[in-house]
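Each chain, written out:
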Amino acid sequence: MAQPDSLPARGGNKPRVVIIGGGFGGLYAAQCLKHTLVEVTLIDRRNFHLFQPLLYQVATGWLSPANIAATLRATLKRHRNIRVFLAEATGIDAGSRRVLLNTGSIDYDTLIVATGSRHHYFGNDHWETLAPSLKTVEDATEIRRRIFSAFEAAERTAASEQLQALLTFVIIGGGPTGVELAGALGEIANDTLKNDFRHIDPTKTRILLMEAGERILPTYPPELSHRAEISLQKLGVTVQTHTFVTDIQPLGVTVKHSDTVETIPCRTVIWAAGVQASALGKSVAQATGAKLDRSGRIMVEPDLSVPGYPEIFVIGDLANYSHQTGNPLPGIAPVAIQQGRYVAKLIRGRLAGKPAPPFRYRDRGNMAIIGRASAVADLGKLKFSGFLAWLVWLFVHLINLVEFENKVLVSVQWGWYYFSRNRAARLITGDTSTNPKNPRP
Ligand SMILES: Cc1cc2nc3c(=O)[nH]c(=O)nc-3n(C[C@H](O)[C@H](O)[C@H](O)COP(=O)(O)OP(=O)(O)OC[C@H]3O[C@@H](n4cnc5c(N)ncnc54)[C@H](O)[C@@H]3O)c2cc1C
C-alpha cells in the first residue's frame, strides 16, 4: 500500500538517527545523543514516557497517572538536535532505510528500535477482557476501576455468595508485578478501606496470588522469595504456588493444583503472568531476515545491531541479547537504559571512526516492594528485606523518575501515604455500566 507523504526532513546534512519508542531505551539513547552532530527524531505513538515500574501504584490508587508520566516533548525540548514525532511505526523498509508510519514515512541513516513489550496470554487472548494486565496508563486506570468498583458493589450486595465473590481478588503470576499488586491490595483491604464501609468488612477480603512455579519471585534468591511470601501473608494475601490457571470466566477462575481442579468464584482477576515483544519486532524481522525468539524478541549481535544491518539497532525489551551469559538479559528498565546509552555512545564512536566493544550489562540488582514499608532487595552480595530494602527501593525509584516535578510530587504522595495510609487517587473512572472492557455483570 502506498504510504502518505514523508515526514518533513531537517536541514543540513548531519547523519539522521531515528529512534522508535520513547520508553527507557529510546529516551535514554536520545538524551545521550544531545550534544552529538546528528539529527535525532524520536517517534512514539504516545506523547509521553511512562515509568512502568510504578504503574501498579496507579492501579491501586496510590499515585495518579500524571505522577509517573513525562511528556517527551517537554523532556527533550532543551536539546535542539532532537525532535519528537507522535506517530505509530508500522514497519521498516531496510533496503531504502525508511521507517513506515501510520502518518507517512521517515528516512534514516541509523535506526534504533525500542518499542518494548506487551502482555501475553499464551494463546488465550479472550482472557484479556476478563483479566486485564498492567502495561499502559489505561490498563492501570481500568484495574483501579475494577478493584474499587468491586468493593462498592459488595457494599450494595446482600447475598453472601455473591458478596464473597466480589471480595475475592485473584492475581495470576507471582513475578514482581503480581507480588507488588497483591501487597498493595492487601493494604487497601486491611488499611485504606478498613473504616470506609458500613455493610461490608473490607478486612475479610480474599486476595489470592497464583503462581505456576514452585515459588513467587522466581528470579530472586529462594530466601528472598520466602521472605516476600511471609510479608504478603502478613498483609492477608494467600500465595498459591504450583497452581495453573486453566480457564477464566466472567464469574470465576478455574485452576489446577496437583490433581485437583477448582473453580474459584470471583469478580476481579488481574493478569501478571507473561509478556511478549512488541508487534513491531515481527515487521523488523521480516524486513531484515533477523531471527525472533519464542517471545518475539529480535536476536541481536554483540553490539545490539541486527545481523547484516549494522545501521539498525534493537534495544530494551524487544531485544534478545544472549552474548553475555548465554541466556537473554531480563526485560527490566536498567537493561533498556544501559543499552540506550551504549548505542548512543557507539554512534558517537562511529562518527569519530572508533570501533565499539560489545555491549556488557552491569547488573546492579533487583528489588520488589511489598506494601507500605517492606521490600526485598537482591543487590549481588547484599540480599536483604524489610524496611531498609523499602527505603532503598523508594530512593532508587525516585532518582529514576524522569521529570524533577514528578520526583517532588511522588515523594510528597509517598510521605503522605506512609503516615496517613490514605490512597488519595482511588477514583473510579470510566463508565461502569457500558465499558466494553468489563463484561462482568
Ligand atoms: C507493570 C510493570 C512493572 C515493571 N516493574 C519494573 C521494575 O520494578 N523494575 C524494572 O527494572 N523494570 C520493570 N518493568 C519493566 C520495564 O518497564 C521495561 O523493561 C522497560 O520499560 C523496557 O524499556 P523499553 O525502552 O524496551 O520499552 P518501553 O519502556 O516499554 O517503551 C516502549 C515505547 O515504545 C512505544 N511504542 C511501542 N510500539 C510502538 C510503535 N509501533 N510505534 C511507536 N511507538 C511505539 C511505546 O509507546 C513506549 O513508549 C516493569 C514493567 C511493567 C509493565
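Residues numbered from 1 in each chain as written. Predicted model: local features only at pLDDT ≥ 70, side-chain atom pairs only at ≥ 80, totals over all residues. Heavy atoms only, no water.

Quick question: what am I supposed to make of the pattern of salt bridges here?
As a working rule, side chains carrying opposite charge can pair if their charged atoms are close by. With the rule as written, the count across this model stands at 15 salt bridges. The shortest N-O distance in the salt bridge between E142 and R146 comes to 2.7 Å. Taken as a pair, E142 and R146 lie in helix α4 (residues 137–155) at a separation of four residues, close to a single helical turn. Put simply, D191 and R421 hold a salt bridge, and the shortest N to O gap is 2.9 Å. You can see D191 sitting in helix α6 (residues 176–192) and its partner R421 sitting in the segment after α11 (404–420), a full 230 residues away along the chain. Note on R421: relative accessible area 32%, which makes it partly exposed. (Salt bridge = Lys/Arg side-chain N within 4 Å of Asp/Glu carboxyl O. Helix = DSSP H or I, 4+ residues; strand = E, 2+ residues; numbered from the N terminus. Buried < 20%, exposed > 50% of the residue type's maximum accessible area, 1.4 Å probe, protein only.)

Is there a simple way to think about the site of the ligand in this case?
The local shell around the ligand holds 27 residues, among which G25, D44, Q52, D317 and A333 are the closest. With respect to the ligand, the backbone of R45 contributes an N or O atom lying 3.2 Å from a nitrogen atom. Taking I332, its main chain carries an N or O atom lying 3.3 Å from an oxygen atom of the ligand. When the ligand sits alone it has 1000 Å² of accessible area, and the protein chains cover 89% of it. (Near = heavy atom within 4 Å. Polar contact = N/O pair within 3.5 Å; in protein donor to acceptor, adjacent residues only side chain to side chain. Areas by Shrake-Rupley, 256 points an atom, 1.4 Å probe, with all protein chains shown as cover.)

Explain the sheet that holds strand β6 (residues 89–93) to me, please; I cannot follow it from the model alone.
Within a sheet, neighbouring strands are paired by backbone hydrogen bonds and run either parallel or antiparallel to one another. Pairing is antiparallel in the open sheet, where three strands are placed in the order β6-β7-β8. On the outer flanks of this sheet lie β6 and β8 (104–107), each paired with one strand and no other. Sheet twist, expressed as the average angle between the axes of neighbouring strands with direction ignored, equals 25 degrees. Summarising the sheet, strand β7 (residues 98–101) and β8 pair through four bridges and their orientation is antiparallel. Of the residues in β8, the one forming a bridge with L101 is G104. (Pairing = 2+ DSSP bridges. Axes fitted to C-alpha atoms, helices over the stretch in contact; angles between N-to-C directions.)

Explain the confidence of the model for the chain here, please?
Reading predicted coordinates in detail is not appropriate for stretches of low pLDDT. When pLDDT is averaged along the chain, the result is 93; 95% of the residues meet or exceed 70. Scored below 50 in pLDDT, residues 1–5 shows eight contacts in the model against residues more than four places distant or in partner chains. (pLDDT = per-residue confidence, 0-100. Contact = heavy atoms within 4.5 Å.)

Can you help me understand the side chain of T205 in this one?
Tracing the backbone through its elements, the reader meets T205 in the loop between α6 and β12 (206–210). Engagement of the side chain of T205 in a polar contact is seen with the backbone oxygen of P202, the distance being 2.5 Å. T205 has contacts with F151, L167, F169 and A189, leaving out every residue within four places of it along the chain.

Is there a simple way to think about a nonpolar patch on the surface in this case?
A contiguous nonpolar surface patch, about 280 Å² in accessible area, is contributed by F387, L388 and L391. With a relative accessible area of 51%, L388 lands in the exposed category. (Patch = residues over 30% accessible without salt bridge, like charges linked within 9 Å, V, L, I, M, F, W, Y side chains within 5 Å.)

Please clarify how the pairing of β7 should be interpreted in this entry.
A regular strand places its side chains on the two faces of the sheet in alternate fashion. Burial along β7 is one-sided: the face carrying V99 and L101 is buried and the face carrying R98 and L100 is not. Pairing analysis gives four bridges linking β6 to β7, with the strands arranged antiparallel. What sits directly across from A89, in β7, is L101. Here β6 folds back onto β7 in antiparallel fashion, the turn holding four residues, of which R97 has a positive phi close to 50 degrees. The hairpin formed by β7 and β8 contains two residues between the paired strands.

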